[in-house]
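Structural overview
Each chain is listed here by its residues.
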Amino acid sequence: MEHFYTLQGEGFHQGRAAYFIRLGGCDVGCVWCDVKDSWDAGKHPLWKIDDIVAEVEKSATKLVVITGGEPLMHDLTNLTNALKAKGFETNIETSGAHPLSGAWDWICLSPKKFKAPLPEILPLANELKVVIFNKSDFDWAEEYAAKVSPSCKLYLQPEWDKASIVTPLIIDYIKAHPQWELSLQIHKYINVP
Ligand code: SF4
């Protein structure tokens, strides 16, 4: 769908220079999705792996983030192998709703209520990032926190349009449950893609 060089705005790698590859296609259907244009993969041009890797190589970073859409609707084996062959660190942002493919240095699992993650990805997640839209999402976040590995980083992130309402709730929740950390979409605050 698009590719761009920016700063990672969310989660564990927040603040790092990263090259984003956003793949078209998503069947998860989050009502608050901020990239609905990604849903129909057919609306976006196909790229050759060598060509996209050449674009990534023009940047100064070694960190590549594959996102979507739901990137795991595609077999990512060849793309990640090509990136790794060039020495790139491969991170994925996924809902986990499709089978895992690809070679990853970091898996950020962001489960969605609209289409549950497949159970096999849960122990593999390096980071669990739960978007908080309303109060009931805290209990839902805990359900997944109980299923990921003990070393998995835990993040709560306010849904952007609800941020003024839910961020104070998240702050209180983290103070009471300090195993969680706050993830803000800082790219939206600093106006970068
Ligand atoms: S999984 Fe991501 S791209 Fe898909 S609908 Fe939800 S927020 Fe949008």
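Up top you'll find the structure we're talking about.
Residues numbered from 1 in each chain as written. Predicted model: local features only at pLDDT ≥ 70, side-chain atom pairs only at ≥ 80, totals over all residues. Heavy atoms only, no water.

Let us look at the overall build of the protein chain. In terms of regular secondary structure, the protein chain is built from five helices and eight strands. Element order for the protein chain, N to C, with α for helix and β for strand: β-β-α-β-α-β-β-β-α-β-α-β-α. Viewed in the frame of its principal axes, the protein chain has a C-alpha envelope of about 45 × 35 × 30 Å. The proportion of buried residues among the 193 residues of the protein chain is 49%. Sequence-distant contacts, at least 24 apart, represent 60% of the contacts inside the protein chain between residues at least 6 apart. Accessible surface, the protein chain: about 9300 Å² in total, of which carbon and sulfur atoms supply 56%. The centroid of the 19 positive side-chain charges in the protein chain is displaced by 2 Å from the centroid of its 25 negative side-chain charges. (Helix = DSSP H or I, 4+ residues; strand = E, 2+ residues; numbered from the N terminus. Buried < 20%, exposed > 50% of the residue type's maximum accessible area, 1.4 Å probe, protein only. Contact = heavy atoms within 4.5 Å. Areas by Shrake-Rupley, 256 points an atom, 1.4 Å probe, with all protein chains shown as cover. Lys, Arg positive; Asp, Glu negative; His and termini not counted. Charge placed at Lys NZ, Arg CZ, Asp CG, Glu CD.)

To continue, consider the nonpolar core. Soluble globular proteins: nonpolar side chains tend toward being buried together. By size, the foremost hydrophobic cluster in this structure holds 37 residues, and its most contacted members are I66, L128, L156 and W180. Per-element accounting of this core gives the leading share, five residues, to helix 3 (residues 137-145). The residues touching I66, leaving out its near neighbours within four places in the chain, are I21, L23, P71, L76, L79, L83, N91, I92, E93 and W104. Counting residues in each nonpolar core, the second largest holds six residues, with C26, V28, C30 and C33 among its members. (Core = buried A, V, L, I, M, F, W, Y, C linked by side-chain atoms within 4.5 Å.)

Along helix 3, the residues classified as buried are D137, F138, W140, A141, Y144 and A145. Down the axis of helix 3, the buried set is contained in an arc of 160°. They therefore lie on one face. Those residues of helix 3 that are buried are in contact with strand 6 (127-132), strand 7 (153-158), helix 4 (163-176) and strand 8 (180-182). (Arc of directions from axis to C-beta.)

The next point concerns the pattern of salt bridges. By the definition in use, this model includes twelve salt bridges. Here E89 makes a salt bridge to R16, at a shortest N to O gap of 3.0 Å. Within this pair, whereas E89 is found in strand 4 (residues 89-94), its partner R16 is found in the loop between strand 1 (2-7) and strand 2 (17-22), the two being separated by 73 residues in sequence. For E89, a relative accessible area of 23% puts it in the partly exposed group. Across the pair K84 and D105 runs a salt bridge, and its minimum N-O distance is 2.9 Å. In this pair, K84 is assigned in helix 2 (residues 77-85) and D105 in the loop between strand 4 and strand 5 (106-109), connecting sequence segments 21 residues apart. Looking at D105, the relative accessible area reads 36%, which means it is partly exposed. By sharing partners, the salt bridges in this structure join E10, E93 and K129 into a single network. (Salt bridge = Lys/Arg side-chain N within 4 Å of Asp/Glu carboxyl O.)

On the surface, a nonpolar cluster with roughly 370 Å² of combined accessible area is contributed by L7, W160, Y189 and I190. When you line up the elements, L7 lands in strand 1. (Patch = residues over 30% accessible without salt bridge, like charges linked within 9 Å, V, L, I, M, F, W, Y side chains within 5 Å.)

On to unusual backbone geometry. That bond from G68 to G69 is cis: its omega, 15°, falls within 30 degrees of zero. Structurally, G69 is set in the loop between strand 3 (63-67) and helix 2. One non-glycine residue with positive phi stands out, namely N191, at about 55°. Assignment of secondary structure puts N191 in the segment after helix 5 (186-189).

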